[in-house]
Amino acid sequence: MTDKELMIAGKLYMAGGKELAKDFKKSKQLTREYNLTTHDELEKRTQILKELFGSVGEDVYIEPTFKCDYGCHIHIGNHFYANYDCIIIDVCNVTIGDNVFLAPRVGIYTAGHPIDATIRNQKLEYGKPIAIGDSVWIGGNTVINPGVTIGSNVVIGSGSIVTKDIPDGVVAVGNPCRVLRKISDEDTKYWQNLANEYYQEIQK
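Residues numbered from 1 in each chain as written. Predicted model: local features only at pLDDT ≥ 70, side-chain atom pairs only at ≥ 80, totals over all residues. Heavy atoms only, no water.

**Q** Explain the overall build of the protein chain here, please?
**A** Secondary structure assignment for the protein chain yields 5 helices and 20 strands. For 204 residues, the compact-globule formula gives about 17 Å, and the C-alpha radius of gyration of the protein chain, at 19 Å, lands near that figure. Going through the 204 residues of the protein chain one by one, you find that 39% of them count as buried. In the protein chain, of all internal contacts separated by at least 6 residues, the share reaching a separation of at least 24 is 26%. For the protein chain, the exposed area adds up to about 11,500 Å²; of that, 52% sits on carbon and sulfur atoms. With 22 positive and 26 negative side-chain charges, the protein chain shows a separation of 7 Å between the mean positions of the two kinds. (Helix = DSSP H or I, 4+ residues; strand = E, 2+ residues; numbered from the N terminus. Rg over C-alpha atoms; globule rule 2.2 N^0.38 Å. Buried < 20%, exposed > 50% of the residue type's maximum accessible area, 1.4 Å probe, protein only. Contact = heavy atoms within 4.5 Å. Areas by Shrake-Rupley, 256 points an atom, 1.4 Å probe, with all protein chains shown as cover. Lys, Arg positive; Asp, Glu negative; His and termini not counted. Charge placed at Lys NZ, Arg CZ, Asp CG, Glu CD.)

**Q** Quick question: what am I supposed to make of the sheet that holds strand E18 (residues 161–162) here?
**A** In sheet architecture, strand pairing relies on hydrogen bonds along the backbone and comes in two forms, parallel and antiparallel. Across the sheet, which stays open at both edges, the 5 strands sit in the order E4-E7-E10-E15-E18 with parallel pairing between neighbours. Two strands bound the open sheet, and with one partner strand each, they are strand E4 (66–68) and E18. Relative to E18, strand E15 (residues 143–144) runs parallel, the two sharing 2 bridges. Paired with Val143 across the two strands is Ile161, which belongs to E18. (Pairing = 2+ DSSP bridges.)

**Q** Any chance you could explain helix H2 (residues 18–35) here in plain terms?
**A** Side chains three or four residues apart in an α-helix point the same way, a direct result of the helix having 3.6 residues per turn. Between the first and last C-alpha of H2 there are 26 Å, a value that for 18 residues agrees with the 26 Å anticipated at 1.5 Å per step. Of the surrounding elements, those touching the buried residues of H2 are helix H1 (3–8), strand E1 (13–14), helix H3 (42–52), strand E3 (60–62) and E4. (Expected span 1.5 Å × (residues − 1).)

**Q** Even after reading the chapter, I still don't get the sheet that holds strand E9 (residues 100–102), so can you show me in this structure?
**A** Across the sheet, which stays open at both edges, the 7 strands sit in the order E3-E6-E9-E14-E17-E19-E20 with mixed pairing between neighbours. Whereas interior strands pair on both sides, the edge strands pair on one side only; in this sheet they are E3 and strand E20 (178–182). With direction set aside, neighbouring strand axes in the sheet form an average angle of 10°. As judged from the 3 bridges shared by E9 and strand E14 (residues 136–138), these two strands associate in the parallel manner. The residue of E14 that forms the bridge with Leu102 is Ile138. (Axes fitted to C-alpha atoms, helices over the stretch in contact; angles between N-to-C directions.)

**Q** What is the right way to read the side chain of Glu63 from this model?
**A** Along the polypeptide, Glu63 turns up in the loop between E3 and E4. Within polar-contact distance, the side chain of Glu63 engages the side chain of Tyr61 at 3.4 Å. In this view, Glu63 contacts Tyr81, Ala82, Asn83, Tyr84 and Asp85; residues no more than four positions away in its chain are not counted. (Polar contact = N/O pair within 3.5 Å; in protein donor to acceptor, adjacent residues only side chain to side chain.)

As far as function goes, none of this settles anything; it's purely spatial.
Spelled out as C-alpha cells, the structure:
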C-alpha cells in the first residue's frame, strides 16, 4: 500500500511522500487563494471550495481564514457555515451533514501521533475519520479529536474538547465533552415561540 492508502485506511504512514505532497501543495494553493478573496467574490469562493473538497453541497459558506491539510478528504452537505479561523486536519475523511454551523476557531482534527517517542520521532503518524450529522451547532474554540462521531440535532458548547462519540439530540459541553442534557419538546416550543414573535415583529 502507498502512504496515501495507508493514511486513508487509518494505519501508520509516513507524511511527506510525493503523492501526499502533491495533494498537500494543491490544498495550500487553493486555501491561500480562498483566504485572499473578498466578500464580493462569493461565486469565486464557491468554485474554489468545489475544487478543494472531496464533495460539497449547496449553500456552503466559510469565513476566511480557513485552513486544511488536503481538502480532498472533506465531504460537506447542504447549508453549511463556518465562522473565522476554522481548521480541518483531514488526513482521514471528514464527513459533515446538512445544516451544520461552526462558531469561530473550531478545530476538526483527524490526525494522531504515536505515544511512543521512538516511533513518533520516525515521523510515522496515523489518522481516524470524523463524522458530524445533520443540524449540528458547534460552539467557538471547540476541538473535535480523531475518530469522533457527532450525531444529528446536537449542540456542542463553546470550548469543548470532544474525545468520544456524541449521540443524537443532546446538548454536550466540557473538557472532555460530556452530554449535559437531552434536547426536549420544551426547547422546541420555547424557540418556536420566539421565532413566531420575530416574524410577527418584522411584519409590523
